[in-house]
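Residues per chain are reported as follows:
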Amino acid sequence: MGLIVQLSYVIILSYFQKNYTVLKEGDIRQRQEESISHVSAVLSISRVAASTLLCHYKWNVSQLHDEWFADEERVRRTVGLLSRPVFFSSAKELTCGICFDSYPRHQIHSAVCGHPYCTTCWKGYITTSINDGPGCLSLRCPDPACCAVVDQDMILRLASDEDKEKYSRYLVRSYIEDKKKTKWCPAPDCSNAVEFEVGSNVYDVTCLCSHAFCWNCTEEAHRPVDCSTVNMWIMKNSAESENMNWILANSKPCPKCKRPIEKNQGCMHMICTPPCKFEFCWLCLGAWSDHGERTGGFYACNRYEAAKQEGLYDEAERRREMAKNSLERYTHYYERWASNQTSRQKAIADLHQMQTVHLEKLSDKLKEPESQLKFIIEAWQQIIECRRVLKWTYAYGYYLPDHESAKRQLFEYLQGDAEANLERLHQCAEKELLVFLGNDDGDTDFISDFKIFRPKLAGLTRVTRSYFENLVRALENGLSDVDSQAASSVSVSSKNAGAKGKGGKAKSSTSRSARSGARNIDDLTHWNCDRCTYANPDSLTSCQMCHNRR
Amino acid sequence: MTTSSTQTRKALSKIAQLRLQKELEEWHDPPVGFKHKVSDNLQRWTIEVSGAPGTLYANETYQLQVDFPEHYPMEAPQVIFVPPAPAHPHIYSNGHICLDILYDSWSPAMTVSSICISILSMLSSSTSKQRPPDNDLYVNKCRNGRSPKETRWWFHDDKV
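Now for a description of the structure that goes with this document. Bear in mind the structure is a predicted one, so any value in this text is a computation, not a measurement. (Residues numbered from 1 in each chain as written. Chains lettered and ligands numbered in written order. Predicted model: local features only at pLDDT ≥ 70, side-chain atom pairs only at ≥ 80, totals over all residues. Heavy atoms only, no water.)

## Describing the packing of aromatic side chains
All names here are of chain A. Within the structure shown, the criterion is met by 28 aromatic pairs over all chains. Centre to centre, the rings of Tyr-330 and Tyr-334 are 5.8 Å apart; their planes meet at 35 degrees, and the pair counts as tilted. With Tyr-330 and Tyr-334 both in helix H12 (residues 314-366) and four residues apart, the pair spans about one turn of that helix. Seen in terms of ring centroids, Tyr-334 and Trp-337 are 5.7 Å apart; in terms of plane orientation they differ by 35 degrees. Their pairing is tilted. (Phe/Tyr/Trp six-rings, centres within 6.5 Å; stacked < 30°, edge-to-face > 60°. Helix = DSSP H or I, 4+ residues; strand = E, 2+ residues; numbered from the N terminus.)

Take a look at the structure:
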C-alpha cells in the first residue's frame, strides 16, 4: 500500500520535480562513513578524530575544511583535539582524579591530555554522560580545567553494550538532527529520514513508510493550505480555549464562589454544589431568598430585565453570545474537517482491501488481467488524496476573513464543486463497485454492466482530479483571481472565471445551492459547457464563461 | 524544605562512601573561610562560610547544606544555603544558588572544597547585596519542596 499511496502523490504532483530523498538508517550510516573517510583523508587525521570534528561541525564537511585550513590550532583547541599530553608522570602508581585511590599504571586510563582516572571511574563517567543525552558526543576530560575530548574509541572500549548502542544512536541522530536539510519522518516507529532540497517551495514529502508529511512543519501533508493556518487549526483543536468558550457560552459563575455552573434545563432556582450551596436565580444571579411573588415570578425575573436596561449585564451577556456564535462556527468547520479525515482513513483501508483481496477475484471473474483494472486503484488513490486536500480546505475556510466576501464566495464555490464531485466518485467506487464484488457468478449482465461501469468510474476520477487541481491552484495563489480586474482570458482557470462571472452577475444570490442549482439545469434551453460545466443559453455557440466552443 | 527530598533519596553507593570519607579527611585542614560542622551523617554536610575580609560579606557567616546523591561524584551534590541566605544576585532567598558547576557543568573531578571555593569567590566578587530579579516568582515555584537540581538554570552572567 505504501508504494501505491506514494504513487498517488506522484500523480498529483506530476508537474513538480521530486525535491527530496528518503534516507534509511543504512543510508545515513553509509553517508556518515563516507564523510568520515573523506575528512580523515583530506586532513590526514585518524577516523576517530574526523568523527569528533564532524560531530562538532554538524557534519558540514566544507565548513570544517575551511576552518581547519584557516587555523588548525584554533579548531583543535575548540574541539579538544590536543596534539600532545598536558599531564606527565613517571610514577609507578597514579592517583585517580575522581575516587582519589592509587592504582598501578596499567589500571589508569587517560584521554590525550593524560589526566589519570581509574577504569571504574571512567566507566561511571561515560555511563552518566551517555544517559544524560546527546551531549556524550562531545565528552571532555573530567578535569574541570581541561578541554581534551574523550574520543569514540575510548567510549566504545569502556561503555556497556547497552550504552554503546545508545551512543551509536546518538551519533546517527546527530547526522539528521544537527543538519538543516534533514529531518526524521515523524510517523511513529519509522526510522527513515528525509533530505530536502532547500529552496523548493513544495513542502509535501512522502516517506517510504507511506506517511505523507509537510517537511516544513512536520505535520501531516496539508497542501494547499499553509503551515501557519494548519498550526493555528491544530492548536485550536487541542486548545483549552474551546473549552473556555464553551464554559463562557453555557455556564455562569456562581455569584458567591465564582465556580462555573452549567444549566441544562429546568427552573431558574440554582443551588451551587457543596460546600458553597449558595441558592441563586440563574437569570439575575441574585440571591434566591430575594425572589418570590414580589419580583414578578422567576421566569420573567424583572430584576434581570431592570439590570439589563441599566447596562449592568450587557458586557458579560454579549461575551457569552459571541462565544456561542464562534463555537457554532468552529463546530461547523471542525465537523467537516474531522469527517473528511475519517473518510480518508476508511478509503485507505478500502484501497488496501481492494489491492489485497478483491482485485484478483475481479480479474478472475472478468477474465481480464489486473493491469486492466488499474483504473479502480487510481480511483481510490484519487479519493484518498482528495479527502486530504478537502479536509485541509476546511481549516483554510475557518481562517478566511469574513470581510473578504468575494474570496469567500470563490472559495466556497470551488470547494463545493470539488466536494460534490468527490462525493460522486467516492459513492461510485464504494457502492456501485460493490455489485461486481459479489458472488453471483454466471450473471450474463455482469460483463456488459462492467463495460458501462468502467468509463464511468474512470471519468469521475478524471473530472474530480481536475476540480481538485483547480481548487489547489486557487488556494495556492491566495484566491487572487478575484482581485484581478482583467477580463477572463482563456489561460485563466475556467472554473475561476466562471465564479467571477457569476459573482458579478447575480450578487443577490449568494447561497451555493442556488448557484449550483442554476448550473445543473437540464432542460433543452441550456447546454452545459464541456470544459467548465457552465449552463449556457441555447442561443450561444461558445461558452459564456470560458469561451470554449460548443 | 529539602528534608522531604533527602528522605526519599537513596543511600550512598560504596564508591560514594569511599570518596566522601577521603574528602572528609581532607577537611581536617579546611579551605580558608570554611568550617565543617561534624556530624554522623555522611550524606548531608553542613559547612559554615565566613565572608572574606574586605568584601560585602565580611564578618558575616552563613550555613551551606550539601546533600550527596547515591552516585556521587558522578552526579553533582545538591548545595544550598540554609536560610537566611546571603543577599546576592545569584542566590535566592530560599537558599538556592545559581552556579553552573552545581548543575550542568559539574564534573566528578570536582570536590566539596572546589565547590566551596567557587561559592566564596562568587560572594567576594559581588558589588551589591541584591536578590535575583525573579526571586519571588522562583521561590514561590519551589514551595512544594523542589530541589534546585530540578530547575533548568540559565547561567547568563559570569561577572558576579
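## Observations regarding empty space enclosed by the protein
All names here are of chain A. For the structure on display, the rule yields four cavities of 30 Å³ or more. The wall of the second largest cavity is formed by Val-48, Ser-51, Thr-52, Cys-55, Leu-137, Val-149, Val-150, Asp-151, Gln-152, Tyr-167 and Leu-171. Those elements that provide at least two residues to the lining of the second largest cavity are helix H3 (47-56) and helix H8 (161-177). Of the residues forming the lining of the second largest cavity, the biggest block, four residues, is contributed by H3. Along the lines of polarity and charge, the residues of the lining of the second largest cavity split into seven nonpolar, three polar and one charged. (1 Å grid on protein atoms, 1.4 Å probe; cavity = no way out; pocket = protein on both sides within 12 Å on 5 of 7 lines; lining within 4 Å. Points joined across faces, edges and corners; volume = space filled by probe spheres on them. Nonpolar A, V, L, I, M, F, W, Y, C, P; charged D, E, K, R; others polar.)

## Things to note about the packing of helix H2 (residues 25-43) of chain A against H3 of chain A
The packing of two helices is summarised by the inter-axis angle and the distance between the axes. Residue and element names in this part refer to chain A. Contact pair H2 / H3: the axes reach a minimum separation of 8 Å and the direction vectors enclose 110 degrees. Between H2 and H3, the interaxial angle falls into the category roughly perpendicular. For H2 against H3, the interelement crossing comes out right-handed. Every residue of H3 that contacts H2 at Glu-33, Ser-35, Ile-36, Ser-37, Val-39, Ser-40 and Leu-43 is listed here: Arg-47, Ala-50, Ser-51, Leu-53 and Leu-54. When the residues that make up the contact of H2 with H3 are grouped by side-chain class, the tally is six nonpolar, four polar and two charged. (Axes fitted to C-alpha atoms, helices over the stretch in contact; angles between N-to-C directions. Parallel < 35°, antiparallel > 145°, perpendicular 65-115°, else oblique. Left-handed = near helix turned anticlockwise from the far one by under 90°. Contact = heavy atoms within 4.5 Å.)

## Focus: the sheet that holds strand S1 (residues 20-23) of chain A
Paired through their backbone hydrogen bonds, the strands of a sheet run either parallel or antiparallel. All names here are of chain A. Strand order in the open sheet made by the three strands is S1-S7-S6, with antiparallel pairing throughout. Of all the strands in the sheet, the pair left with one neighbour each is S1 and strand S6 (182-184). Across the sheet, the mean angle from the axis of one strand to that of its neighbour is 25 degrees, orientation sign disregarded. For S6 and strand S7 (residues 193-196), the ladder comprises three bridges, and the chain directions are antiparallel. Note that in S7 the partner of Lys-183 across the bridge is Val-194. Contacts between H2 and the sheet are confined to S1, S6 and S7, with S1 contributing the most and set at about 100 degrees to the helix. The strands that H8 touches are S1, S6 and S7; relative to S6, the one it contacts most, it runs at about 125 degrees. (Pairing = 2+ DSSP bridges.)

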